[in-house]
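# Observations on chain architecture
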Amino acid sequence: MWLCDPFLRLILVQPTHNDIRNAYQQEWITLQNQYDSYEKVAVAIKLVGTGLVVAVLLLAATELLAVTIILLFWVQEAIWKTFQGRIETRLLETELMLAQNAELMRPNTAPMQFNRHWLSSRPRGVGLLVEYAKSALRPTVAMHYVLMFFVTLVFYCAAFKG
């Protein structure tokens, strides 16, 4: 009876083609849900950052404070998107394995290995900072913050003239 559980079968006996496919499907569902959750948090980071910048500008606080808030939230979203990017990498590999014949599966792409894959793909030191910078410069991330810088500049120029 215990052999009915597909995850136990993967560990205890030679998995069948269906066991491997089911494991990839479960992994895909989990990763896709997590990827979507990261996207929701990224939107929340943008909204909170925008709200704070608008409040600072409307309360006639210094533009330097607004620029600082923009930079902090931009860096935070870049880090968040970098984490999401690692999920995306494994998600794409999982989709590829589902699209291919599971019998051709390579050992390092076995299902249910996200954390091991995540750790092995994470750069260290300067490489990690470069990865964060690449995430920060993605158009879907950068455009929002560049626009906030522009609005802050407009407020600064208006205050300078007045």
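A brief look at the structure comes next. (Residues numbered from 1 in each chain as written. Predicted model: local features only at pLDDT ≥ 70, side-chain atom pairs only at ≥ 80, totals over all residues. Heavy atoms only, no water.)

## A few points about the packing of aromatic side chains
All chains considered together, the criterion is met by three aromatic pairs. Ring centres of Trp74 and Tyr145 lie 5.6 Å apart, and the angle between their planes is 10 degrees; on these two criteria the pair is classed as stacked. Within this pair, whereas Trp74 is found in helix α3 (residues 63–99), its partner Tyr145 is found in helix α6 (residues 139–161), the two being separated by 71 residues in sequence. In terms of burial, Trp74 and Tyr145 fall into one category: buried. Ring geometry for Trp74 versus Phe149: centroids 6.0 Å apart, planes at 55 degrees, classification tilted. Pair noted here: Trp74 is in helix α3 and Phe149 is in helix α6, with a separation of 75 residues, a long-range link. Trp74 sits in the buried class, given a relative accessible area of 14%. Here the aromatic residues Trp74, Tyr145 and Phe149 are joined through ring pairs into a cluster of three or more. (Phe/Tyr/Trp six-rings, centres within 6.5 Å; stacked < 30°, edge-to-face > 60°. Helix = DSSP H or I, 4+ residues; strand = E, 2+ residues; numbered from the N terminus. Buried < 20%, exposed > 50% of the residue type's maximum accessible area, 1.4 Å probe, protein only.)

## Things to note about a nonpolar patch on the surface
Taken together, the side chains of Val54, Leu58, Phe150, Val151, Leu153, Val154, Phe155, Tyr156 and Phe160 present a nonpolar region at the surface, about 920 Å² in accessible area. Those elements that place two or more of their residues in the nonpolar patch are α2 (17–58) and α6. Take the nonpolar patch: its biggest share by element is seven residues, from α6. Checked against the element boundaries, Val151 lands in helix α6. For Val151, a relative accessible area of 40% puts it in the partly exposed group. (Patch = residues over 30% accessible without salt bridge, like charges linked within 9 Å, V, L, I, M, F, W, Y side chains within 5 Å. Areas by Shrake-Rupley, 256 points an atom, 1.4 Å probe, with all protein chains shown as cover. Salt bridge = Lys/Arg side-chain N within 4 Å of Asp/Glu carboxyl O.)

Keep in mind these values describe shape, not function.
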